[in-house]
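Next come the chains, spelled out residue by residue.
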Amino acid sequence: MKSNLSIHNTLTRKKEAFVPLKAPFVGLYVCGPTVYGDPHLGHARPAITFDLLFRYLRATGYKVRYVRNVTDVGHLENDADEGEDKISKKARLEQLEPMEVAQYYTDRYHDAMRQLNVLPPSIEPRASGHIIEQIAMVRTILDRGYAYVSNGSVYFDVEAYNRKFRYGKLSGRVLEDMMANTRDLDGQGDKRNPFDFALWKKAAPEHIMRWPSPWSDGFPGWHMECSAMSTRYLGEQFDIHGGGMDLMFPHHECEIAQSTAACGHDSARYWMHNNMITINGQKMGKSLGNFITLEQLTTGAHPLLEQAYSPMTIRFFILQAQYRSTLDFSNEALQAAEKGYERLMKAVSTLKKIKPSEASSVDISGVEARCTAAMDDDLNSPMVISELFDCVRTINQIYDGKQTISAADLAELRRVVDLFVFDILGLRDDLAGDNSQMLSSVVDMILNIRMEAKNAKDWATSDKIRDGLAAIGIKVKDRKDGFDWEAE
């Protein structure tokens, strides 16, 4: 499968042709969850966005090493290096070991990802498992003059870094403006400047999670883990770094500064950021308390939900928007996604039933090229879905006898639909589960009895079966060569 992928590089603020460093190999690093609570709808978007990228790169022939981290230490409540570690706080409140909390919510996250049909990454490193690498990188940054020790903690010296490099190039922030806005805070606390950030934090006596270091018993700063682990598994320079737009500042900005200070050059060549899922125009997030967990979505157990939604409805809902656009939650939008997903799956099922003709009256030659062009255009999944719904109309016309398709074209259409629906978009036909299969077998058996009644001209029995099925929501359609039916 040939591809000419272009992606919007947040670093350069423009769409660029994707050219990997060492084709056919691709290094992809994505910021994963901080595991102190159940995954919510907001977590589903980056997971599905970069699953889509991972799937597409593999489908086009690349050998991808996909690294997605788990943050199980160092993420404080406040981005200004203040407050309690989020996992330690949860452990204290629930009287558990911090790693019990981390393990429990990591397992919950993995369960949710499986339901959403998100492929596991190639490597899933934990911050707590890479303390040695983080300490080593902090040492390097100190040795190169871009950090300082203060009261047992180590802070990144943003001013010193900015003399040679540019701090703020990802987010567009200007250090001079930041200095002007925070000058009155200078000298307070352990930092030289309030915009400096922690590489290593000295642990307070009550802090549970701590490791020995040359500077103090403490723990790494939140940003340090990604610099250390991306370097460990992908090298000093790699292809793509992804994450949610909310991580652009300070997390990714600080990560760029750390990696550049340690290695002397940028780490990731392309930065990709998915936009947010919002509720009433406000970002969905744990810290704002306006989130809906994925479990609540699939059970309907939330005041904002009118019904339960299947994991594939949620995935389809997210794929209906291009990853860089905002996506606002509403029951109406999810219900529309549910109908769209079901219509697509029904067409895929219908495609399996079609019998070829000698010649085609439909032209399916450009379907793969158009879907590929849409994916190449910065992962334009809504355009792919639009192309697939054009195929749905064609499939239904062929099945209804209004169009014909040859055996070769039928095989090609099945291949392309399967490729984009299942392999690339990552949808799964949940409508063809065990219960649905059993229902299908039972209804087919009843309708075969009805056909026997019709052949015997037992119209009363035939009508009784048809009307009885209609009463429970099963619509029967008679055909020249048999019958068709659908559950309404």
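Because the structure is a prediction, the values reported are computed rather than measured.

## Some points on the overall build of the chain
Helix and strand counts for the chain stand at 16 helices and 17 strands. Seen through its principal axes, the chain has C-alpha atoms that stretch 95 × 50 × 35 Å. Taking all contacts inside the chain whose residues are at least 6 apart in sequence as the whole, residues at least 24 apart take part in 75%. Per element, the accessible surface of the chain, about 22100 Å² overall, is 49% carbon and sulfur.

## Some points on unusual backbone geometry
Put simply, Ala 23 and Pro 24 share a cis peptide bond, and its omega is 10°. With respect to the helices and strands, Pro 24 occurs in the loop between β2 (14–17) and β3 (25–30). The omega torsion of the bond from Phe 249 to Pro 250 falls at 5°, within 30 degrees of zero and hence cis. Mapped onto the elements, Pro 250 comes out in helix α8 (residues 248–263). Look at Asn 151: it is not a glycine, yet its phi comes out positive at around 55°. If you trace the backbone, Asn 151 turns up in the loop between β7 (147–150) and β8 (153–156). With relative accessibility at 52%, the residue Asn 151 sits in the exposed group.

## With respect to the pattern of salt bridges
Enumeration according to the criterion identifies 22 salt bridges in this entry. The partner of Asp 239 in a salt bridge is Arg 269, with the nearest N and O atoms 3.6 Å apart. Of the two residues, Asp 239 is situated in strand β11 (residues 238–244) and Arg 269 in strand β12 (residues 268–274); the sequence distance between them amounts to 30 residues. Residue Asp 239 is classed as buried on the basis of its relative accessible area of 3%. A salt bridge links Arg 466 to Asp 463; the shortest N-O distance between them is 3.5 Å.

Conventions and cut-offs
Residues numbered from 1 in each chain as written. Predicted model: local features only at pLDDT ≥ 70, side-chain atom pairs only at ≥ 80, totals over all residues. Heavy atoms only, no water. Helix = DSSP H or I, 4+ residues; strand = E, 2+ residues; numbered from the N terminus. Contact = heavy atoms within 4.5 Å. Areas by Shrake-Rupley, 256 points an atom, 1.4 Å probe, with all protein chains shown as cover. Buried < 20%, exposed > 50% of the residue type's maximum accessible area, 1.4 Å probe, protein only. Salt bridge = Lys/Arg side-chain N within 4 Å of Asp/Glu carboxyl O.

Read these as layout, nothing more, since geometry by itself doesn't imply function.
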